[in-house]
Amino acid sequence: MWGETMIKPEGELKVSFGYQCNGNRGSSFEVSNGYEILPEIRKNSSFSCLSGAALSANATLANTNICKGLIGAEILPSLDSPNSFRKVPSSPNLSRLDILSSSLQSSMSNLSCSPSPPSDNDSYLLKPMSAPSRSEGFLNAMEVQVAGGAAGEDRVQAVCSEENGWLFCAIYDGFNGRDAADFLAGTLYETIMLYFKLLGCESKQDFSRASDSLYLDRCCQYILDDSTIYEEKLTSRIHNNKDSCFDHINKNGSSAKEELSCDSIQHGVLDSFQRALSQAENDFLYMVEQEMEDRPDLVSVGSCVLVVLLHGNDLYTLNLGDSRAVLATYGKGDEMSGNERLKAIQLTDSHTVDNEVEKTQLLHDHPDDPMTIVAGKVKGKLKVTRAFGVGYLKKKKLNDALMGILRVRNLISPPYISTQPSLNVHRISKSDCFVIVGSDGLFDFFSNDEAVKLVHSYILSNPSGDPAKFLLEQLVERAADCAGFTLEELMNIPAGRRRKYHDDVTVIVIMLGTNQRTSKASTCM
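The shown structure was predicted, so the numbers you read here are calculated from the model rather than taken from an experiment.

A. Layout of the overall build of the protein chain. Helices and strands together make up the secondary structure of the protein chain, namely 13 helices and 19 strands. The buried share of the protein chain, reckoned over its 525 residues, is 57%. Working note: accessible area of the protein chain is about 22000 Å², and carbon and sulfur atoms make up 48% of it.

If you want it as structure tokens, here you go:
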């Protein structure tokens, strides 16, 4: 890929991938070690490239058994430990989700933020989908590029559409097993895309109800059909309350009643995130209930969730747990040279009992349970206050499946772990340089400021290097030093035992704009 890593022996670095936008599809490219080096930057995108790397500390099974092994056997082998992106059609292939159809039918009405039970018009939710036309999805693209992988109990995904300038990244930090993270890696992206499709359909209906004007109908189609035009025409006004995204409609004689603020697009995206996560949670716990007689351990399996979507100049985040997205930016008027003025801004909340806000809310939600927090953990079990899965802390029925000391005593008022995510949207400015997306294993050793300074100094001295891999190298050196080992001694400790010294760590570095960036990301077609 981008040069030799310091981490030895071979294979310890489980995931390493990079991607650079290509602004000129017709141009030639170099080929190095089988990888295409893309020479140009797409000028209409808000990001230029990204790098991802992950290192395992936990010993886990080769494949998950959730869904009777289907998720592991049919989906994950194509995601495990990639070294490059690959092109795939943009349409979600929901045939892999047919196994969930009974769950979808039985649970749709139970989701607080999900649509009503499927009707004939919603049958696409339960059936394989063919490739959509450009107007069927919010994130329109005929082709996307995908990378993903597994390291210990961490899972990572990245999906990019150069055609329309959007980027989706996700880190699933599993615990007590890899099944929840595997389930998310196998299904959540497609579920989100499904709800984005629904968002596009709802937007069309809103436009149709707003006016019978043929011009308005054409304008709606125009916006939904071309995300690039959407970027250029709409996002420049998204934070201007005085302007509507459809001011150009009014200039052509339409009523002010037909204005639709771009804020509604933002709300729609965040709502789609939440709906998709609720759907995934419901489906996962449904399957846990079906299989817990044979595998009672599934009731304790869970995962943190961090999703980042860069669309136009908007950077959306969904967070559940203690993974983080940290923005590196300059203050207004600061010179973009030297790292002394570069600031780290955490875009996500940390959902742990160490967060006083989370702790206070948890205690407030369980006033009759004096044992809500025991030894600094929720019911003495988890540091995180919000997570995907971990059904035994959410349902008494699932807790009862556990035996002996594994069972939580006095489960008075479940659920104790929330699945309500923190949602945020940040408008990217010219001062924003890059975003570090990482599981909590990274921040066990580095503060936000330290991580940002390390990446920035590395980019300045190694403009064609790999900042994500560099962060991992620095982390392992610090972990070895803290444990009193040499780097080689630490890396020779087998996975499982090495968890005593550092967690699974997954890092993605997204370079924003076209100036501050690495210049050698690679992709293999």
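B. Spotlight on the sheet that holds strand E18 (residues 505-512). The 6 strands lie next to each other as E1-E4-E18-E17-E11-E12, forming an open sheet whose pairing is antiparallel. Edge positions in the sheet fall to strand E1 (13-20) and strand E12 (342-346), since each of these pairs with one other strand and no more. Shown here is a sheet whose adjacent strand axes are inclined to one another by a mean of 15°, direction ignored. Those strands touched by helix H12 (residues 467-483) are E1, strand E4 (47-55), strand E17 (432-438) and E18, and its axis lies near 30° from that of E4.

C. Looking closely at the environment of Phe434. The residue Phe434 is located in strand E17 in this model. Judged by its relative accessible area of 1%, Phe434 is buried. Discounting chain neighbours no more than four positions away, the residues touching Phe434 are Val326, Leu327, Ala328, Leu342, Val452, Val455, His456, Ile459, Val509, Ile510, Met511 and Leu512.

D. Broad picture of the packing of aromatic side chains. Following the criterion strictly, the structure yields 9 aromatic pairs and no others. Relative to Phe388, the ring of Phe183 has its centre 6.3 Å away and its plane inclined at 20°; by these criteria the two rings are stacked. Linking Phe183 in helix H3 (residues 179-210) with Phe388 in strand E15 (residues 388-389), this pair joins segments that are 205 residues apart in sequence. The pair Phe183 / Phe388 is uniform in exposure class, with both members buried. Put simply, the rings of Phe17, Tyr19 and Phe85 pair up and form one aromatic cluster.

E. Broad picture of unusual backbone geometry. The peptide bond linking Pro414 to Pro415 adopts the cis configuration, its omega dihedral lying at 5°. Summarising the element assignment, Pro415 is placed in the loop between helix H9 (396-399) and strand E16 (422-427). A positive phi angle, near 60°, is found at Asn176, a position not held by glycine. The exposure class assigned to Asn176 is partly exposed, which follows from its relative accessible area of 44%.

F. Expanded view of the pairing of strand E7 (residues 154-161). Of all 8 residues that make up E7, 8 are buried, and the element is covered over most of its length. Where strand E6 (residues 143-151) folds back onto E7 in an antiparallel hairpin, the turn is made up of 2 residues, including Gly152, whose phi is positive at roughly 65°. When E7 meets strand E8 (residues 166-175), the two strands line up antiparallel, connected through 8 bridges. Along E8, the bridge assignment pairs Asp154 with Asp173.

G. Expanded view of the nonpolar core. If you look at the biggest cluster of nonpolar residues, it comprises 65 residues, and the most contacted ones within it are Phe168, Val305 and Phe388. At the level of secondary structure, the elements contributing two or more residues to this core comprise E6, E8, H3, helix H7 (263-291), strand E9 (302-311) and strand E10 (314-320). The biggest single contributor to this core is H3, with 14 residues. For Phe168, the residues in contact, after removing those within four places along its chain, are Gln157, Ala158, Val159, Tyr189, Ile192, Val307, Val308 and Leu309. Counting 37 residues, the second largest nonpolar core, distinct from the first, contains Cys49, Leu472, Leu490 and Met491.

Cut-off values and rules
Residues numbered from 1 in each chain as written. Predicted model: local features only at pLDDT ≥ 70, side-chain atom pairs only at ≥ 80, totals over all residues. Heavy atoms only, no water. Helix = DSSP H or I, 4+ residues; strand = E, 2+ residues; numbered from the N terminus. Buried < 20%, exposed > 50% of the residue type's maximum accessible area, 1.4 Å probe, protein only. Areas by Shrake-Rupley, 256 points an atom, 1.4 Å probe, with all protein chains shown as cover. Pairing = 2+ DSSP bridges. Axes fitted to C-alpha atoms, helices over the stretch in contact; angles between N-to-C directions. Contact = heavy atoms within 4.5 Å. Phe/Tyr/Trp six-rings, centres within 6.5 Å; stacked < 30°, edge-to-face > 60°. Core = buried A, V, L, I, M, F, W, Y, C linked by side-chain atoms within 4.5 Å.

Bear in mind that shape data such as this cannot, by itself, settle questions of function.
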